[in-house]
Amino acid sequence: MTKFVKGNEAVVIGALYAGCDVYFGYPITPASEIAHAAARWLPSVGREFLQAECETASIYMVYGTAAAGRLSMTATSGPGMSLMQEGLSYMAGAELPGVIVNIMRAGPGLGNVYPEQGDYNQSVKGGGHGNYRCVVLAPASVQEMCDLTIRAFELALKYRTPAIVLADGLLGQMMETVLLPERALPKPDTSSWAVQATPETRKNLITSIFINAAGQEAHNRRLQTKYESMRVDAQHDNYLCEDAELVLVAYGISSRIARTAAEALREEGVKAGVFRPLSLSPFPAEALCRTLSGRKALVVELSSGQFRDDVLLHLAKEGQRYQPVGLCNRMGGMVMSVDEVVEAARRELGLGK
Amino acid sequence: MTQKKTVGMYESFTRSGRPSRATHYCAGCGHGIIHKLIAEAMVELGLQDRTIIVNPIGCGVFGYYYWDCGNVGAAHGRAPAIGTAINRMRRDAVVISYQGDGDLGAIGFNNTFQAASRGEHMAVFFVNNAIYGMTGGQMAPTTLEGMKTTTSPFGRDPLTAGYPLHVCEVLNQLKAPVYIERVSVADTKRIMQARRAVHRALEIQRDGKGYAFVEFISPCPTNMGLDSVKAALFCMAEMEKEYPLGCVRDRSATALARAPHAPAPSVEAFFQQSEQHQAPAEEVDASFKEQRLKFTGYGGQGILSLGICVAEAARLEKRFTTWFPSYGPEQRGGSAACSVVISGRPVGSPAVDHPDVLVCMNQPSYERFAHDVRPGGTVIVDATVPLMEKAPEGVRVISMPAIDLSLKLGVPQAANTMMLAALAQLEVTGLKREHLLEALDASFRKKPALIEKNRLLFNEAVAWMEKNL
Ligand SMILES: Cc1ncc(C[n+]2csc(CCOP(=O)(O)OP(=O)(O)O)c2C)c(N)n1
């Protein structure tokens, strides 16, 4: 069964099929349609919706839901995401699952409501205090807004850690066809760790405090080992890369523009492809190296080069010798045209106009 | 303070890392007494297995060392938000939020206020010791006028640091709370009253009646710079002057228990029911030439729904379709625009930089976008818009009296249907007329009376075009 919906609505469809018990959120453009759909749909299937008093409250309601062994989500955009950082750190520290959707808008500060990808570092590198990182998934279509939201719930539960769906205003607002899942995920059993107000779970404890330093270090090492182990769930997509001389590296909405640009380049006889991570954390680093090896690369992003820097870091960490990686970027809510990417690609290859 | 075995508390406090029967509290501190009152009450009321205590940040942070029930650690000030979620997700739970005056009255006050205003089902135990204990005796919102703390070394000056905060009285302005009382743990008589208040608050939770708030005036000898006896005397002599003891509100006898959830369909059943308009899944078709369309005009002219209608028609033909609107303040500022891409393969960029077809319902958008149209493309512009002297090269420009016709036919809001007819008549979308019509019908499925009317308008527009073009 299919439905023609906005990306923001597809997120809620995904959440419902993933078994999300409750939605908490505070309105903000361009994410508000997520709250609108949640307010209509969750109560219709016997789940709960609550408009929180602020994003700080939203994230701690997500924390509280997880502490009680249930599933919840919240959605927001830049300023709200910044307010949630303390809570994300607490969730990571207390090892609590939950899903946070960030429909990125332009910043810094109030910025504007148009699409940007400037929250890359904030989302992928932790963002709050301490040594942690979240699962971060990056949909590039309305279908993936649904599918990766489901995936985010699965990974959040699997690793007992917050999972972020990192999208942007354009993906949130656009409509495409979504193929609905066949059936909902089964209810998870959280009784081994959650506090459920039952005799069996009475001794369970949710906390992120380890008052002695050695204990806190051991906890940190355990967390780092867990984050390392997430590698197996890294996901990527290659488009026309096999024979490519130039690989466009992009995630989310930028990858859609890159895709059309690659097709346009091929029409001109330039063999271009697109490497697209679906998971930014864990990052598909090996696949990136394999795909880029011996090829020119151009990163396409709606941010200052945050993503390009990370691509370089991943290449270096995988032991790939330094290779120049070009950058085609826009910021502030400006979205690059296909022509701009084509031109940047030609420049990268040393081709004239 | 050594502890004899108390019900509701662990026998040995091993969670501290050092097996011990002593709490971490200073001699004469009120926290230990309040902990005990809560532990005893939850056992006496038979609620131990169902109780979840949200531990604060402040001296109470280690409550879980002691309380033998479900424990959840909160961030500073956020216990009410966490408790909100727990009580909604575990309706059988007896949720307790235990907080100090910095935690509750300063950093987390809005969370407290809003949770109280929503009437969350929890018992809030608020320890007012007039100071920040945990972090070294700084001024709290509840610090008395003139009282010296590490951050009010010359005494709290209300002109610069404000006045003591009366939390019970503030919360008493709200409708939802069921029970609000201020008690003290400074002497035995007062502790007996505090015990009754704790019981009342937990009974309200047991019975599912709503929000209960108990404030404890509590000594902090260490940070008050007094010995235990003097700290207790200070509480009774000075603090009670500012914070009178007593019950501020108790409507537990009349408050109604919350209603159980109504039965609801499964998510699968819900979407099955709600979707009447079924479109087939997309199919790859290399022979289909990708169409990129842009619809522009003023908000209220039905620009966005015109785009959706074309997109829905494309879906009926199994095309890959994207629709992307202008949004935010731009929309509120009066102009509306959307882009539609119709393709025989998965669509790359959903943004339309160079449309094959541009529909303009107003002058600003015509002037802004007409020159972006691809050579060989089409512009359909409303006849109210004066045409540019030089038409964009290689582009067909059609002036269509959509607004005028719809006005004449008495349905001014249907100019977009006229434009849809123009698109069908000009055959510029690559879509069949029957599908455009089917999508038009479907767009009015919630107002069936309008289906026939719009069909009529559609035909009128076609007739106009046959005659005039
Ligand atoms: C966001 C944040 N800011 C500051 C702190 C530091 N801090 C810990 S406890 C505390 C004050 C506690 O005072 P109160 O709530 O009155 O409780 P008490 O210790 O007196 O029982 C502060 C400021 C923190 N943990 N988190």
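In this text the structure is predicted, and so the values were computed from the model without any measurement.

Chemist: How should the site of the ligand be read in this particular structure?
Modeler: The ligand sits among 17 residues. The nearest are His31, Cys59, Asp101, Asp103 and Gly133 of chain B. The environment of the ligand is shared, with nearby residues belonging to chains A and B. Here an oxygen atom of the ligand and a backbone polar atom of isoleucine 131 of chain B are 3.1 Å apart. If the ligand stood free it would expose 590 Å²; the protein chains cover 77% of that surface.

Chemist: Before we go on, may I ask you to explain the pairing of strand β12 (residues 335-343) of chain B in this structure?
Modeler: A regular strand places its side chains so that they alternate between the two faces of the sheet. Residue and element names in this part refer to chain B. Summarising burial for β12: 8 of the 9 residues are buried, a large majority. In this sheet, β12 lies alongside strand β10 (residues 291-298) in antiparallel orientation, the contact comprising 8 bridges. Looking at the pairing, leucine 293 lines up with valine 340 of β12. Pairing of strand β11 (residues 320-325) with β12, which is carried by 6 bridges, proceeds in the antiparallel orientation. If you follow phenylalanine 320 over to β12, its bridge partner there is serine 343.

Chemist: What should I look at first to understand the interface of chain B and chain A in this one?
Modeler: Bring the parts together and some accessible area is lost; that lost area is often taken as the interface size. Tallying the contact residues gives 71 residues for chain B and 71 residues for chain A. Across the chain B to chain A interface the summed buried area is about 6,000 Å²; carbon plus sulfur atoms make up 61%. Our enumeration of links across chain B and chain A arrives at 6 salt bridges. A salt bridge links arginine 202 of chain A to aspartate 49 of chain B; the shortest N-O distance between them is 2.8 Å. On the surface where chain B and chain A come into contact, there are 27 residue pairs in polar contact (both at pLDDT 80 or more). Put simply, the parts of the chain that give the side of chain B that touches chain A at least two residues each are α2 (63-66), β2 (70-73), α3 (79-89), α5 (109-118), α11 (267-274), α12 (303-316), β11 and α13 (329-332) of chain B. In terms of residue count, α3 of chain B provides more of the side of chain B that touches chain A than any other element does, 7 residues in total. In terms of residue class, the side of chain B that touches chain A is built from 34 nonpolar, 20 polar and 17 charged. Pairing analysis gives 2 bridges linking strand β10 (residues 205-206) of chain A to β2 of chain B, with the strands arranged parallel.

Chemist: Teacher, can you tell me more about the domain arrangement of chain B here?
Modeler: You can read the domains of chain B as domain 1 (31-250) and domain 2 (282-468). Here the C-alpha centre of domain 2 of chain B lies 62 Å away from the C-alpha centre of domain 1 of chain B.

Chemist: Would you mind going over the nonpolar core with me for this structure?
Modeler: The nonpolar side chains of a soluble globular protein tend to be buried with one another. By size, the foremost hydrophobic cluster in this structure holds 162 residues, and its most contacted members are Tyr63, Leu248 and Leu280 of chain A together with Phe213 of chain B. At 10 residues, the largest contribution of residues to this core is made by helix α7 (residues 142-159) of chain A. Residues contacting leucine 248 of chain A, with those up to four places away along its chain left out, are Ala258, Ala261, Ala262, Gly273, Val274, Phe275, Leu298, Val300 and Val341 of chain A. In this structure, Leu304, Val359, Leu431 and Leu457 of chain B belong to the second largest nonpolar core, which totals 49 residues.

Chemist: I'm lost on the side chain of glutamate 53 of chain A in this one. Help?
Modeler: Mapped onto the elements of the fold, glutamate 53 of chain A is located in the loop between β3 (48-51) and α3 (55-67). Relative accessible area serves as the criterion here: at 12%, glutamate 53 of chain A is assigned to the buried category. In terms of polar contacts, glutamate 53 of chain A uses its side chain to reach the side chain of asparagine 111 of chain B, at 2.9 Å. Among the polar contacts made by the side chain of glutamate 53 of chain A, one reaches the side chain of arginine 118 of chain B at a distance of 2.8 Å. In this structure, glutamate 53 of chain A is in contact with Tyr26 and Met61 of chain A together with Asn110, Asn111, Gln114 and Arg118 of chain B, ignoring residues within four places of it in sequence.

Chemist: Explain the environment of isoleucine 33 of chain B here, please?
Modeler: Residues and elements named next belong to chain B. Positionally, isoleucine 33 belongs in helix α1 (residues 30-44). Each C-alpha atom of the pair isoleucine 33 and alanine 311 lies 68 Å from the other, and the pair is 278 residues apart in sequence. In contact with isoleucine 33, other than residues within four places in its own chain, are Val185 and Ile191.

Chemist: What is the right way to look at the pattern of salt bridges in this model?
Modeler: The full count for this structure, using the stated rule, is 44 salt bridges over all chains. A salt bridge links aspartate 233 of chain A to arginine 151 of chain A; its shortest N-O distance comes to 2.9 Å. Here aspartate 233 of chain A is found in the loop between α9 (213-229) and β11 (236-239), whereas its partner arginine 151 of chain A is found in helix α7, with 82 residues between them in sequence. On the basis of relative accessible area, aspartate 233 of chain A is assigned to the buried category, the value being 10%. The salt bridge partner of arginine 190 of chain B is glutamate 240 of chain B, with a shortest N-O separation of 2.6 Å. Within this pair, whereas arginine 190 of chain B is found in helix α8 (residues 188-206), its partner glutamate 240 of chain B is found in helix α10 (residues 228-242), the two being separated by 50 residues in sequence. Overall, the relative accessible area of 16% leaves arginine 190 of chain B in the buried class.

Chemist: How should I be thinking about empty space enclosed by the protein in this particular structure?
Modeler: Rolled over the atoms, a probe sized like a water molecule indicates the empty space that remains. As enumerated under the stated definition, the model contains 2 cavities of 30 Å³ or more in all. Taken as a whole, the second largest cavity encloses approximately 30 Å³ of empty space. Its residues placed into classes, the lining of the second largest cavity shows 7 nonpolar, 3 polar and no charged.

Chemist: How do you make sense of the packing of aromatic side chains when you look at a structure like this?
Modeler: The relative placement of two aromatic rings is captured by the distance of their centres and the angle of their planes. Enumeration according to the criterion identifies 22 aromatic pairs over all chains in this entry. With 4.9 Å between their ring centres and 75° between their planes, tyrosine 251 of chain A and phenylalanine 307 of chain A make a pair best called edge-to-face. Placement of tyrosine 251 of chain A in the loop between β12 (246-249) and α10 (252-267) and of phenylalanine 307 of chain A in helix α12 (residues 306-317) is noted, with a sequence separation of 56 residues between them. Comparing tyrosine 251 of chain A with phenylalanine 307 of chain A, the two get one shared label, buried. Aromatic rings pair up to connect Phe13, Tyr25, Phe62, Tyr64, Tyr65 and Tyr66 of chain B into one cluster. Cation over ring: arginine 259 of chain A sits above tyrosine 239 of chain A, and NZ or CZ is 3.8 Å from the ring centre.

How each quantity is defined
- Residues numbered from 1 in each chain as written.
- Chains lettered and ligands numbered in written order.
- Predicted model: local features only at pLDDT ≥ 70, side-chain atom pairs only at ≥ 80, totals over all residues.
- Heavy atoms only, no water.
- Near = heavy atom within 4 Å.
- Polar contact = N/O pair within 3.5 Å; in protein donor to acceptor, adjacent residues only side chain to side chain.
- Areas by Shrake-Rupley, 256 points an atom, 1.4 Å probe, with all protein chains shown as cover.
- Buried < 20%, exposed > 50% of the residue type's maximum accessible area, 1.4 Å probe, protein only.
- Helix = DSSP H or I, 4+ residues; strand = E, 2+ residues; numbered from the N terminus.
- Pairing = 2+ DSSP bridges.
- Contact = heavy atoms within 4.5 Å.
- Buried area = accessible area lost by both parts, 1.4 Å probe.
- Salt bridge = Lys/Arg side-chain N within 4 Å of Asp/Glu carboxyl O.
- Nonpolar A, V, L, I, M, F, W, Y, C, P; charged D, E, K, R; others polar.
- Domains from an automatic or database assignment.
- Core = buried A, V, L, I, M, F, W, Y, C linked by side-chain atoms within 4.5 Å.
- 1 Å grid on protein atoms, 1.4 Å probe; cavity = no way out; pocket = protein on both sides within 12 Å on 5 of 7 lines; lining within 4 Å.
- Points joined across faces, edges and corners; volume = space filled by probe spheres on them.
- Phe/Tyr/Trp six-rings, centres within 6.5 Å; stacked < 30°, edge-to-face > 60°.
- Lys NZ or Arg CZ within 6 Å of the ring centre and 35° of its normal.

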